[in-house]
Amino acid sequence: MRSFKKAACATAIILAGLGGQAHHAIAAAPSEGAQAGTAGNVDGARIEAADKEPGSWLAHGRTYSEQRFSPLDKINAQNVGKLGLAWWYDTGTERGIETTPLVIDGVMYATGSWSIVFALDPKTGKELWRYDPEVPREYGRNACCDVVNRGVAVWEGMVYVGTTDGRLIALNAADGKKVWEVSTTGGKRPYTITGAPYVVKGKVIIGNGGAELGARGYFTAYDAKTGKQVWRFYTVPGDPSKPVENPELTAALPTWKGGEWWKIGGGGTVWDSMAYDPELNLLYVGTGNGSPWSKHIRSPGGGDNLYLSSILAIDPDTGRMKWYFQTTPGDSWDYTATQHMILADLTIDGKPRKVIMQAPKNGFFYVLDRESGKFLSGEKYSTVTWAKGLDANGRPIFNPKAFWGKKTAIVIPGPLGAHNWQPMSFDPQTGLVYLPQMDIAGAYIPDKHFKYRPGGWNTGVDWTNADDADPKAMKGSLLAWDPVAQKKRWQVPLWGAWNGGVLSTAGGLVFQGTGNGFFNAYRASDGKALWQAPAGTGVLAPPVTYVIDGEQYVAVGAGWGGAFALTFGRMAKSAGVPPAGRIMTFKLGGHAAPPPTESTKRERPTPPPMTASAEEVERGRVLYQNNCQFCHGAGVVSGGVIPDLRYSDPAVHPLYHDIVLKGMYEHAGMAKFDDLLTAADVDAIHAYVIKRAHEPGDAPPEAHPEAPESNVPPAK
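Residues numbered from 1 in each chain as written. Predicted model: local features only at pLDDT ≥ 70, side-chain atom pairs only at ≥ 80, totals over all residues. Heavy atoms only, no water.

Asks: I tried to follow the sheet that holds strand S10 (residues 178-183) on my own but got confused; where do I start?
Replies: In spatial order, the strands read S7-S8-S9-S10; together these four strands make up an open sheet with antiparallel pairing. Two strands close off the open sheet at either side, each with one partner strand: strand S7 (153-155) and S10. Taking each pair of neighbouring strands and ignoring which way they run, the sheet shows an average axis angle of 20°. Sheet topology places S7 next to strand S8 (residues 158-162); three bridges connect them, and they run antiparallel. Note on S8: the bridge partner recorded for valine 154 is valine 159. (Pairing = 2+ DSSP bridges. Helix = DSSP H or I, 4+ residues; strand = E, 2+ residues; numbered from the N terminus. Axes fitted to C-alpha atoms, helices over the stretch in contact; angles between N-to-C directions.)

Asks: Even after reading the chapter, I still don't get the environment of proline 292, so can you show me in this structure?
Replies: Considering the arrangement of structural elements, one finds proline 292 in the loop between strand S18 (290-291) and helix H4 (295-298). Accessibility expressed as a relative area gives 0% for proline 292, which makes it buried. Sequence-wise, proline 292 and alanine 558 are 266 residues apart; in three dimensions their C-alpha atoms are separated by 32 Å. (Buried < 20%, exposed > 50% of the residue type's maximum accessible area, 1.4 Å probe, protein only.)

Asks: Mind showing me how you'd approach the layout of surface pockets here?
Replies: One way to see where empty space is left: roll a probe the size of a water molecule over the atoms. The computed volume of the second largest pocket comes to approximately 560 Å³. Of all the elements, helix H7 (residues 614-627) adds the most residues to the lining of the second largest pocket, at four residues. Considering only residue class, the lining of the second largest pocket consists of ten nonpolar, eight polar and nine charged. (1 Å grid on protein atoms, 1.4 Å probe; cavity = no way out; pocket = protein on both sides within 12 Å on 5 of 7 lines; lining within 4 Å. Points joined across faces, edges and corners; volume = space filled by probe spheres on them. Nonpolar A, V, L, I, M, F, W, Y, C, P; charged D, E, K, R; others polar.)

Asks: Can you walk me through the side chain of glutamine 422 in this structure?
Replies: Among the structural elements, glutamine 422 can be located in the loop between strand S27 (409-411) and strand S28 (425-427). At a separation of 2.9 Å, a polar atom in the side chain of glutamine 422 contacts the main-chain carbonyl oxygen of asparagine 499. When sequence neighbours within four positions are dropped, the list of residues in contact with glutamine 422 reads Pro436, Trp498, Asn499, Gly500, Gly501 and Leu540. (Polar contact = N/O pair within 3.5 Å; in protein donor to acceptor, adjacent residues only side chain to side chain. Contact = heavy atoms within 4.5 Å.)

Asks: Just checking my understanding: could you explain unusual backbone geometry for this structure?
Replies: In this chain, serine 291 is followed by proline 292 through a cis amide linkage whose omega measures 0°. That bond from leucine 306 to tyrosine 307 is cis: its omega, 5°, falls within 30 degrees of zero. For tyrosine 307, the location among the structural elements is in the loop between H4 and strand S19 (310-314). The backbone of serine 115 sits at a positive phi, close to 65°, despite the residue not being glycine. On the secondary structure map, serine 115 appears in the loop between strand S4 (107-111) and strand S5 (117-120).

Asks: Please clarify how the sheet that holds strand S22 (residues 351-358) should be interpreted in this entry.
Replies: Pairing between the strands of a sheet comes from backbone hydrogen bonds, and it takes one of two forms, parallel or antiparallel. Pairing within the open sheet is antiparallel, and its four strands lie in the order S21-S22-S23-S24. One side of each edge strand has no neighbouring strand; the edge strands of this open sheet are strand S21 (341-348) and strand S24 (375-380). Pairs of neighbouring strands in the sheet enclose a mean axial angle of 25°, with direction left out of account. By the bridge criterion, four bridges tie S22 to strand S23 (residues 364-369) in an arrangement that is antiparallel. The residue of S23 that forms the bridge with glutamine 358 is tyrosine 366.

Asks: Got a minute to help me understand H7 in this structure?
Replies: Each turn of an α-helix holds 3.6 residues, which means side chains three or four residues apart point in the same direction. Under the 1.5 Å per step criterion, the end-to-end length of H7 is 20 Å for 14 residues, consistent within 8% with the ideal 20 Å. Along H7, the positions that sit buried rather than exposed are Val617, Gly620, Arg621, Leu623, Tyr624, Gln625 and Asn627. Elements that come into contact with the buried residues of H7 comprise helix H8 (629-632) and helix H10 (679-694). (Expected span 1.5 Å × (residues − 1).)

Asks: Any chance you could explain the state of the cysteines here in plain terms?
Replies: For the structure shown, the criterion picks out one disulfide. Linked covalently through their sulfurs, cysteine 144 and cysteine 145 form a disulfide whose S-S length is 2.1 Å. Between cysteine 144 and cysteine 145, the S-S torsion sits near -85°, and that sign places the bridge as left-handed. Overall, the relative accessible area of 15% leaves cysteine 144 in the buried class. (Disulfide = S-S within 2.5 Å.)

Here is the structure:
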């Protein structure tokens, strides 16, 4: 096992400076409850009875219902102002942190970027063991949205983690040693894993990401003890000239009309949310966007393109589908339905209903009967321009102006969505769902010369004019939503769009971090801010709470990163935070010294002189936008995670060919791009970077004739 303390991105140009300093966690003896031989002793019965041990956090959403509500109330609205830092732990990485820590029998299990797993003493932060799956750093090129990981699953003495390069690994919960490992992928498609595994009835279920780069969606169940594959469910059809892999695809095929989607991938990847109802024995799985995004390319003859952007109800014993509900038929806007799903029992129209709730990217809040999939209600929880509303069956009433197959369409939400991966929470005491909400428009510009590029972005969008966007163009909030009345109860505006997941508690509190470096507590009833702590980096991960030795703690992963931080240029840089990774844990009366805050300001070195022609610089701009901005930022403005290319050390400039074409920095996450770029291409990109380095501050690039003013870059 090895620790990697600083890594850079994987999409296109150069790392402008490596190195860094790791800060040691506070060390202490393990707390009471961490007993040898009993580590990770979790099964389905224990998760189902989670409310009988509210001091633990046994599964991703604490319970199978994924409500992310804790019955603990020792920390409450009356005393939350006395919270202080108990301890913090340095993950040793400087990329996005999105983990949900699990706390089981005196041990905390969490993940950092690059799929690194660590077990900590939850009372002191002392590291008990650490496992690095040694993901090849150059593989980060295939991760559309940063090399993040959302956590582990624990089951009968083992810890399960999915890796960026598509492996599923089982570790011994007591010492972190590998028990088994399987590859969840096949062939040469750019599959990744960023989501947490889900364990149901002795089966570990995991999906993959990769639709932006050209992948076909599926999710797979593996035997928890052996790693043997039990079943696999493909979410979209493959080559129609070949037999279907599962019978549900027979019904899906007629909804794909024309085109050759299977050569590009088709999409429908399952990269995040799942939930489970033990009483109904139904596993709920959210599916992703199409590949490419453009239905005009993917399925030019029309059709709903099942099962893109859908909630699927699956029998976990057989892998067969019981029902589905498609949130965005024929999706062309990257409106995934992989967002967090919550199970609850609500009274609707005077009748008790077992429901599943989701606020996917498309901006509508859905309430469905989770036994039948019947649509019960749906309303806009954010600004929506792509649809005028939902009909009686929950099908969107499309706005014809939102379709962009042949001409540019400016649409809200954009590709980032009105809600992304950050989990929401349901408080059964208030009856409200607390939701990280966003308002960002997107300009969808059709690529009139689209050609499938293995290993490149294959969305059907022309990114050449998606240079940059003003930070004022984004808005974000913490939204309290009444799922029965389908209306807003309160809303707290935040610094910007990209913020953290949510925890609610019986203490009348809602906890959420912010992208600009704070961890906050609000009163659940009305959203009044009650407490705040600086984190020194962006806080995107969802908090958890637990009890050790009679004392309640609140813990959250912190680390700036993810799609927004990599791609969104000036918008992301406006957060003003460094990307240091850490776990921060608070308790009443805590007085640990906070982690250091690094300055994000640097003096820009004198760049090389501008010698290229205007035509060469323009060609470089186009190449940069299509190959490099997805990690190095729109308009060559870093969002604070990857070193800013405009600040490259003078010694780096002569090395562009060695870095981009020969893989000189592959060990640090900068993959080579000799399959997509030529030496002349690299020279042109370099010329464009030099031009941007000569321009003052973070000024946006010069306007281009076809660039709509409200255009924004892509994201997941």
